[in-house]
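Below, each chain spelled out in residue letters.
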Amino acid sequence: YALILAVPCLQMLLFGYAVSLKLSRPIREIARAAKRMATGDLTHRLPSGGDDEIAALRAALNTMAENLSSKIHELSEGKQRLELILGAMGEGIMVLDRTGRIGLTNRSMLEILRSEEDLIGRSPQRVFRNEAFDRAVRKVLDIVKEAWLN
């Protein structure tokens, strides 16, 4: 009698294990790919195929990676163009970020300041040590912040 009950139980366990493997392997593969993408590897693609939810998730991750890669490339090209334009200008240029720190300068600005050190991340007040200039920078930042809020 025990043998009659054991055989169906064993079959159910084996079936459950097979289903678990069929579902967990693709999910682990997707999780590994998502981790790679999160660390910046946007070249990795998941294999396509199938018509289930797993295949739809693979396709969505591949599309996301492609779109992110494209946007990063566009931003990189835009930054390079901006740096070339600023580098070619004879006037000293300094670009501030939202916090009022220096985000970008050109060679002419460094020559005007007679500086060889990188100014990125520093505050204009520390660089110029001029209270009137600092007030003007804060005023412009306030105007820009106000415009962004509206």
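On a predicted model such as this, the values are computed, not experimentally measured, just so you know. (Residues numbered from 1 in each chain as written. Predicted model: local features only at pLDDT ≥ 70, side-chain atom pairs only at ≥ 80, totals over all residues. Heavy atoms only, no water.)

Peer 1: Looking at this model, I keep getting lost on the nonpolar core. Mind explaining?
Peer 2: One broad rule of soluble globular proteins: the nonpolar side chains tend to lie buried together. Core analysis: the biggest nonpolar cluster contains eight residues, these being Ile-30, Ala-33, Met-37, Leu-42, Leu-46, Ile-54, Leu-61 and Ala-65. Contributions of two or more residues to this core are made by α1 (2–38) and α2 (53–88). When near neighbours in sequence (up to four residues on either side) are disregarded, Ile-30 contacts Leu-46, Ile-54, Leu-57, Arg-58 and Leu-61. Ile-102, Met-109, Leu-110 and Val-127 belong to the second-largest nonpolar core, a separate cluster that totals six residues. (Core = buried A, V, L, I, M, F, W, Y, C linked by side-chain atoms within 4.5 Å. Buried < 20%, exposed > 50% of the residue type's maximum accessible area, 1.4 Å probe, protein only. Helix = DSSP H or I, 4+ residues; strand = E, 2+ residues; numbered from the N terminus. Contact = heavy atoms within 4.5 Å.)

Peer 1: Mind showing me how you'd approach the side chain of Ser-115 here?
Peer 2: Looking at where Ser-115 falls in the secondary structure, it is placed in the loop between α3 (107–112) and α4 (124–128). Residue class for Ser-115 comes out buried when judged on its relative accessible area of 13%. Looking at Ser-115, its side chain comes within polar contact range of the main-chain nitrogen of Glu-117, at 3.3 Å. (Polar contact = N/O pair within 3.5 Å; in protein donor to acceptor, adjacent residues only side chain to side chain.)

Peer 1: Got a minute to help me understand unusual backbone geometry in this structure?
Peer 2: Peptide bonds are trans in most cases, and residues, glycine excluded, mostly fall at negative phi. Notably, Arg-114 is not glycine yet its phi reads approximately 50 degrees, a positive angle. Here Arg-114 lies in the loop between α3 and α4. We note that Arg-129 has phi near 50 degrees; this positive angle belongs to a residue other than glycine. Mapping Arg-129 onto the fold places it in the loop between α4 and α5 (131–149).

Peer 1: Would you take a moment to explain a nonpolar patch on the surface for this structure?
Peer 2: On the surface, Phe-15, Val-19, Leu-23 and Ile-27 cluster together into a nonpolar patch covering about 390 Å² of accessible area. Tracing the backbone through its elements, the reader meets Val-19 in helix α1. (Patch = residues over 30% accessible without salt bridge, like charges linked within 9 Å, V, L, I, M, F, W, Y side chains within 5 Å. Areas by Shrake-Rupley, 256 points an atom, 1.4 Å probe, with all protein chains shown as cover. Salt bridge = Lys/Arg side-chain N within 4 Å of Asp/Glu carboxyl O.)

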